[in-house]
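Chain residues, written in single-letter form:
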Amino acid sequence: MASDTKKNLLDSAERAARQRGYDGFSYADLAADVGIRKASIHHHFASKADLAVALMRRYYTDLEAACAEIDSNHPTGAARLNALIARYHEALDGGQSLCLCVSFSTGTDNLSAATIAEMTRFRTMMLGWITRAFLQGQKDGTIRGVVDPTAEARAALPLLEGAQLAARVAQDPQKFEAALGLLTARCAP
């Protein structure tokens, strides 16, 4: 039961954080959503900072597994990159949400050093994966114009994140697609 409660708290906190940011929800919100007393949350997460670290660690694990699945299901660099773009697009939930790391990045003043470290670890993992996708696309010719896969990844990740922000602000997923148009046009079908 306790593990179910912890998972439900993490699920509720992630939904809230992705829609309203780190500062946009409280333990009272989570308690009401999960159906427990606010004081009971402290049994699982002593502080909101501890909760944020747990969220980022789980998010890291989830995205690492998703990237491994993309690698298994998509042999070309372009197909891998397009699958990642589709995942970021899906995370928008019609313009109502952001990926967790992007959402946390919109207001870092109240984030703990440990949470920021987890965000940095997440972005490092994603940069490595995106670099490998560009390298594969360079090797198999499915992503046009790749000269430096590492530099491409350093540009692509902020582009994905910024495109999410633009679409979220406008509550229009088409803004995401428009922002990524030049990148996706470089990928062979």
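The following refers to the structure shown. (Residues numbered from 1 in each chain as written. Predicted model: local features only at pLDDT ≥ 70, side-chain atom pairs only at ≥ 80, totals over all residues. Heavy atoms only, no water.)

Overview of unusual backbone geometry
Phase 1: A positive phi angle, close to 50°, is found at Asp 93, a residue other than glycine.
Phase 2: With respect to the secondary-structure elements, Asp 93 resides in the loop between α5 (77-91) and α6 (100-105).
Phase 3: One non-glycine residue, Gln 171, lies in positive phi territory at about 50°.
Phase 4: Here Gln 171 shows up in the loop between α8 (149-170) and α9 (173-179). (Helix = DSSP H or I, 4+ residues; strand = E, 2+ residues; numbered from the N terminus.)

Examining the packing of α5 against α8
Phase 1: The geometry of α5 relative to α8 is characterised by a closest axis approach of 10 Å and an angle of 25° between their N-to-C directions. Comparing the axis directions of α5 and α8 gives the class roughly parallel. As α5 packs across α8, the resulting crossing turns out to be right-handed. Seen from α5, the contacting residues are Leu 84, Ile 85, Tyr 88 and Ala 91; seen from α8, they are Leu 157, Leu 160, Glu 161 and Gln 164.
Phase 2: For the contact of α5 with α8, the residue count by class is six nonpolar, one polar and one charged. (Axes fitted to C-alpha atoms, helices over the stretch in contact; angles between N-to-C directions. Parallel < 35°, antiparallel > 145°, perpendicular 65-115°, else oblique. Left-handed = near helix turned anticlockwise from the far one by under 90°. Contact = heavy atoms within 4.5 Å. Nonpolar A, V, L, I, M, F, W, Y, C, P; charged D, E, K, R; others polar.)

Section: the pattern of salt bridges
Any two side chains of opposite charge can pair, on the condition that their charged atoms come close.
Phase 1: Evaluated as defined, the whole model comprises 10 salt bridges.
Phase 2: In this structure, the salt-bridge partner of Arg 121 is Glu 118, at a minimum N-O distance of 3.0 Å. Taken together, the positions of Arg 121 and Glu 118, both in helix α7 (residues 113-140) and three residues apart, correspond to about one turn of that helix.
Phase 3: Glu 118 gets classed as buried once you look at its relative accessible area, which sits at 9%.
Phase 4: Here Arg 186 ties to Glu 152 by a salt bridge, and the two come within 2.9 Å at their closest N and O atoms. (Salt bridge = Lys/Arg side-chain N within 4 Å of Asp/Glu carboxyl O. Buried < 20%, exposed > 50% of the residue type's maximum accessible area, 1.4 Å probe, protein only.)

Notes on the layout of surface pockets
Phase 1: Roughly 200 Å³ of volume is contained in the largest pocket.
Phase 2: As for the largest pocket, its lining consists of Glu 14, Arg 18, Arg 58, Tyr 59, Asp 62, Leu 63, Arg 87, Tyr 88, Glu 90, Ala 91, Cys 99 and Phe 122.
Phase 3: Taken together, the elements giving at least two residues each to the lining of the largest pocket come down to α1 (2-20), α4 (48-73) and α5.
Phase 4: Taken together, the residues that form the lining of the largest pocket break down as six nonpolar, no polar and six charged. (1 Å grid on protein atoms, 1.4 Å probe; cavity = no way out; pocket = protein on both sides within 12 Å on 5 of 7 lines; lining within 4 Å. Points joined across faces, edges and corners; volume = space filled by probe spheres on them.)

A closer look at the state of the cysteines
Phase 1: Applying the stated criterion across every chain, the model contains zero disulfides.
Phase 2: No disulfide involves Cys 67; its nearest neighbouring cysteine sulfur is the one of Cys 99, lying 11 Å away.
Phase 3: Residue classification places Cys 67 among the buried positions, given a relative accessible area of 2%.
Phase 4: Note on Cys 187: no disulfide assigned, nearest cysteine sulfur contributed by Cys 67 at a separation of 15 Å.
Phase 5: For Cys 187, a relative accessible area of 7% translates into the label buried. (Disulfide = S-S within 2.5 Å.)

So, the packing of α4 against α5
Phase 1: Where α4 contacts α5, the two axes come as close as 9 Å, and the packing angle between them is 140°. Judged on the interaxial angle alone, α5 and α4 are oblique. The way α4 lies across α5 gives a crossing that is right-handed. Of the residues in α5, those touching α4 at Leu 63, Ala 66, Ile 70 and Asp 71 are Arg 80, Ala 83, Leu 84 and Arg 87.
Phase 2: Grouping the amino acids of the contact of α4 with α5 by side-chain chemistry returns five nonpolar, no polar and three charged.

Fair warning: the whole summary comes from geometry, so function is off the table for now.
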